[in-house]
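Listed here are the chains, written in short residue letters.
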Amino acid sequence: MAEFAEVVLNLPIDRAFTYRIPEALRGRVRPGVRVTVPFRNRSEGGYVVRVADTASFPRLKDITGADEDVTADERLLDLARWMADRYACSWGEAVAAAIPSGVKKASPGKFVRLISAGEGEGATKKQKEVAAFARTLSAPLPLRDFVRRATTSTGVVAKLVAAGALREQQVRAEIEAMAEAIVEKPKEIRLTPDQVAALAAAEQPGVVLLHGVTGSGKTEVYLRAIERVVAAGRQAIVLVPEIALTPQTVSRFKARFRRVAVLHSVLTEADRAGQWRAIRAGEVDVVVGARSAVFAPVRSLGLVVLDEEHEAAYKQENVPRYHAREVAVERARREGASVILGTATPSLEALHAARGGTWRLARLPGRILGRELPEIEVVDMSAERAELKRQPAISRRLEQLMRQALERREQVILFLNRRGFLTHVSCPRCGWFFSCRKCDVAMTFHKESGRALCHYCFDSKPLPLSCPECQGPKLLQYGLGTERIESEVGRIFPGYRVVRMDSDSMKTRKDYGDSLGAFFGGKTDILVGTQMIAKGLDVPDVTLVGVISADTSFHVPDFRAAERTFQLITQVAGRTGRGPKGGRVVVQTHYPQHYAVKAAATYDFTGFTRQELEMRQETRYPPFMSLVRILVQGWDLGRVNECAGRLGVKLRAEFGPLEADLLGPAACPLARLKNRHRVHLLLKAPSLEAVLPRLRQLAGGFPDSRALQASMDVDPLSLL
Ligand code: ADP
Ligand code: ZN
Ligand code: ZN
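Owing to the predicted nature of the structure, the values given are computational and were not obtained by experimental measurement.

Draft legend 1. Layout of the domain arrangement of the chain. As assigned here, the chain comprises domain 1 (4-99), domain 2 (111-169), domain 3 (177-368), domain 4 (375-418 + 485-615), domain 5 (419-479) and domain 6 (626-714). Here the C-alpha centroids of domain 1 and domain 5 sit 49 Å apart.

The structure is reproduced here in structure tokens:
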């Protein structure tokens, strides 16, 4: 029996550490088993990646604890190893990210959910409070979460259960989570010839990019492809961007397949752990989830579907900074599965790979049943301001079309990618600008809470009545947010029912379900929201969509600004014209002549991508070059600059001009965040493989403390 084990830890040190396996744990410690080990006078959790009969060091510490189960199987360990190399993190960090944290704890086994029994309240004040909390619940809550959220103890809960004020339900997490389906009757559907061709393309091993306009029947293709995989005894993983985990999308999968697990991010740890175990035990055929579901431990992976392939939500912004699309493709390759990447607006990276022959391309150029794509009208907001001598939030044209639609009892969606009421407050006398004291960003005023909020660090302050610098009495307030649109709409269209959906108003999955339910049921006339409503919704009575400002991306210094604007307009337009009544779209912008706006308004994907690709090639950006961003952050600007400067010198010495271009160091657009200064360097390389190993070596020496830290992001999506 093996006496030694190599263990990887969830720390930024990319090596395995050797430990001795004590007698008592021999036989239980195998690759993939989670263990506890002493490390630098602490106890750390890690994963065994290898066991051996001999070790090259004489004095080794003992493993102090081990799980019974193999938590990470060998395929996952190997995939994590690949991720560590690809995304410049440690093996241990990659493994840790791939496993939901609940699974890392001891098995929860059976557990209890609690809900109000609607009678009895208990005797003490505390018991009354807990019973009152239980009555606010619309669904049972696991005991652990209940105790935490009601700030009580299991003792109090037990007393209330005994008194009949609370009801206990014993459930197995995984079964419960699967049973919440709202089953939709599958329609009898005959695939169109385009769908048949797309399905055939998806059937071959490898990757197919399914480029289909909104409402072209992509989801139907996914469902058919999954049916075949499941019939062959294999499993499928369906990845969706988090916000699109709409009840609507999910219910279509649940309606078609019996054994579906849905990995919502709002699941409790115990729920996630339960589902993970059910998936591993082979009790699930189809896994639907966000980014991290790409690691779902299905036994025989047949297919990965990645819906809305272009979405930035697939990129994880903290370590390991992986992109679920790349991980999905790599995992599928290793396990002999196929991949379908579906979208109405392929990312230029995916398009480039498909055109270059690395991936296949299938197209669904028209909507189902010959429905027209909605007409997109562009309104020039600068002209509107010149004529009206003020800047309206809603242009006259949009107002007119809204009135017409509402009078016909049709529904309207207004979209704005910015929360809050006012986004900028400043003093005209001295130029003072209301910004966060810890970050270099504007404070956004939220009328509902009556406070100004930093959207980056969540610091909040009351809105000053006069200038805090010069005591000037009048402050300028401008900038639009969804809250302000909601109130404008209420003023212009009294008597119509308006609902706002953004992360301020939608705190729980229930809020989300309720608001959507009201909109689907026709109880709401106007829906105002952020990107939360930009995708996935399919409501036949929506005949008008207004984009309040198409310009939100243009203000961000990012080479992808045009691409994001094009995608945004196209996606939002996809929310209308889905029923027999047709639909229209109004796009408000200060840049009506911008090529991204013009191309999106005429559905000219080809024209847009041709122009954009030319520009990317000229300026040497992805998909023609790979990017690596090195971010240095710290309390002291001098030390941050000094560190970034030193890294710049090292990088320039390491890479010749043919291997990489180096930009910077320069202050980040977000130059200070949570009191830490930020400076970055950007490396552009024609071949990532050629530079990564040396970059990783360099990263090994990066400072890593709150005071001064350097980090590396391979294929960054955010350059802020
Ligand atoms: P997408 O995913 O491209 O937005 P969907 O798959 O949601 O498109 O299809 C849009 C609508 O058309 C759905 O209501 C779907 O049930 C329906 N549909 C899809 N394919 C067909 C078909 N071949 N015949 C009739 N209806 C279809
Ligand atoms: Zn002032
Ligand atoms: Zn802040």
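Draft legend 2. Representation of the packing of aromatic side chains. Inspection of every chain in the model, using the stated rule, returns nine aromatic pairs. Look at Phe17 and Phe39: their rings are 5.0 Å apart centre to centre, the planes differ by 65°, and that puts the pair in the edge-to-face class. Placement of the pair is Phe17 in strand β2 (residues 17-20) and Phe39 in strand β3 (residues 33-39), with a sequence separation of 22 residues. Seen in terms of ring centroids, Tyr595 and Phe608 are 5.9 Å apart; in terms of plane orientation they differ by 20°. Their pairing is stacked. Of this pair, Tyr595 sits in helix α19 (residues 595-601) while Phe608 sits in helix α20 (residues 605-619), and the two are 13 residues apart along the sequence. Judged on exposure class, the residue Tyr595 and its partner Phe608 are both buried. The aromatic ring of Tyr621 is capped on one face by Lys684, whose charged end is 3.9 Å from the ring centroid.

Draft legend 3. How the structure looks around the coordination of the zinc ion (ligand 3). Looking at the zinc ion (ligand 3), the protein donor atoms are Cys436 (SG), Cys439 (SG), Cys454 (SG) and Cys457 (SG), and they sit 2.2 to 2.4 Å from it. Each of the four donor atoms bound to the zinc ion (ligand 3) contributes to angles spanning 103 to 114°, and the resulting shape is tetrahedral. In the primary sequence, the donor residues of the zinc ion (ligand 3) line up as C-x2-C-x14-C-x2-C. Of the two residues, Cys436 sits in the loop between β18 (424-426) and β19 (444-446) while Cys454 sits in the loop between β20 (451-453) and β21 (460-462), which places them 18 residues apart along the sequence.

Draft legend 4. Expanded view of the site of ligand 1. Around ligand 1, a shell composed of 16 residues is seen, among which Arg190, Gln195, Gly215, Thr219 and Arg252 lie nearest. Between ligand 1 and Thr219, the relevant distance is 2.6 Å, taken from an oxygen atom to a side-chain nitrogen or oxygen of the residue. Interatomic distance of 3.3 Å between a backbone N/O atom of Glu220 and an oxygen atom of ligand 1. Taking 550 Å² as the accessible area of ligand 1 by itself, protein coverage stands at 82%. When residues of the shell around ligand 1 are assigned to their parent elements, the largest contribution, three residues, is made by helix α9 (residues 218-231). Of the residues contributing to the shell around ligand 1, the split by class is four nonpolar, six polar and six charged.

Draft legend 5. Region of interest: helix α1 (residues 74-86). Taking 1.5 Å per residue, 13 residues should reach 18 Å; α1 reaches 18 Å between its end C-alpha atoms and fits that length. Packed against the buried residues of α1 are β4 (42-52), α2 (91-98), α11 (269-280), α12 (324-335), α22 (688-699) and β30 (708-714). Remark: Ala88 follows α1 within two positions and exhibits a positive phi of approximately 55°.

Draft legend 6. Spotlight on helix α8 (residues 193-203). Gln195, Ala198, Leu199, Ala201 and Ala202 are the residues of α8 that are buried. Across the axial projection of α8, the buried residues extend over an arc of 160°, all falling on one side. Contact partners of the buried residues in α8: β9 (206-212), α9, β14 (338-343) and β15 (360-364).

Draft legend 7. Seen up close, the packing of α8 against α9. The contact between α8 and α9 brings their axes to 10 Å, and the two run at 45°. Between α8 and α9, the angle is such that the two are oblique. You can see that α8 and α9 cross each other, and the crossing is right-handed. On the side of α8, the interface is formed by Gln195, Ala198, Leu199 and Glu203, while α9 contributes Glu220, Val221, Arg224, Ala225 and Arg228. Grouping the amino acids of the contact of α8 with α9 by side-chain chemistry returns four nonpolar, one polar and four charged.

Draft legend 8. Focus on the packing of helix α4 (residues 125-135) against helix α6 (residues 154-162). Here α4 crosses α6 at 75°, and the two axes come no closer than 10 Å. Relative to α6, the element α4 lies roughly perpendicular. Listed contacts from α6 to Gln127, Val130 and Ala131 of α4 are Val156, Lys159 and Leu160. Taken together, the residues that form the contact of α4 with α6 break down as four nonpolar, one polar and one charged.

Draft legend 9. Up close: the coordination of the zinc ion (ligand 2). The coordination sphere of the zinc ion (ligand 2) contains the protein donors Cys427 (SG), Cys430 (SG), Cys467 (SG) and Cys470 (SG), at a distance range of 2.3 Å. Considering all four donor atoms around the zinc ion (ligand 2), angles at the metal cover 104 to 114° and the coordination shape is tetrahedral. All donor residues of the zinc ion (ligand 2) come from one chain, and their arrangement in sequence is C-x2-C-x36-C-x2-C. Of the two residues, Cys430 sits in the loop between β18 and β19 while Cys470 sits in the loop between β21 and β22 (476-478), which places them 40 residues apart along the sequence.

Draft legend 10. Structural context of the sheet that holds β4. Taken in spatial order, the five strands line up as β2-β1-β4-β3-β5 in an open sheet, and their pairing is antiparallel. Two strands lie at the open edges of the sheet, namely β2 and β5 (65-70), each paired on one side alone. On average, adjacent strands in this sheet sit at an angle of 40° to one another, irrespective of strand direction. In this sheet, β2 lies alongside strand β1 (residues 4-9) in antiparallel orientation, the contact comprising four bridges.

Draft legend 11. The arrangement of the side chain of Arg325 in detail. Mapped onto the secondary structure, Arg325 falls in helix α12. Look past the residues within four positions of Arg325 in its chain and what remains in contact with it is Leu306, Glu309, Leu341, Ser347, Glu349 and Trp359.

Draft legend 12. Broad picture of the environment of Cys454. Note on Cys454: relative accessible area 0%, which makes it buried. Spatially, the C-alpha atom of Cys454 lies 6.0 Å from that of Cys436, the residues being 18 residues apart in sequence. The contacts of Cys454, once residues within four sequence positions are left out, are Cys436, Cys439, Val441, Met443 and Asp459.

About the criteria used
- Residues numbered from 1 in each chain as written.
- Chains lettered and ligands numbered in written order.
- Predicted model: local features only at pLDDT ≥ 70, side-chain atom pairs only at ≥ 80, totals over all residues.
- Heavy atoms only, no water.
- Domains from an automatic or database assignment.
- Phe/Tyr/Trp six-rings, centres within 6.5 Å; stacked < 30°, edge-to-face > 60°.
- Helix = DSSP H or I, 4+ residues; strand = E, 2+ residues; numbered from the N terminus.
- Buried < 20%, exposed > 50% of the residue type's maximum accessible area, 1.4 Å probe, protein only.
- Lys NZ or Arg CZ within 6 Å of the ring centre and 35° of its normal.
- Donors = N, O, S within 2.8 Å, 3.2 Å for Na, K, Ca; no water.
- Tetrahedral: all angles 85-135°; square planar, octahedral: opposite > 155°, others 65-115°.
- Near = heavy atom within 4 Å.
- Polar contact = N/O pair within 3.5 Å; in protein donor to acceptor, adjacent residues only side chain to side chain.
- Areas by Shrake-Rupley, 256 points an atom, 1.4 Å probe, with all protein chains shown as cover.
- Nonpolar A, V, L, I, M, F, W, Y, C, P; charged D, E, K, R; others polar.
- Expected span 1.5 Å × (residues − 1).
- Contact = heavy atoms within 4.5 Å.
- Arc of directions from axis to C-beta.
- Axes fitted to C-alpha atoms, helices over the stretch in contact; angles between N-to-C directions.
- Parallel < 35°, antiparallel > 145°, perpendicular 65-115°, else oblique.
- Left-handed = near helix turned anticlockwise from the far one by under 90°.
- Pairing = 2+ DSSP bridges.

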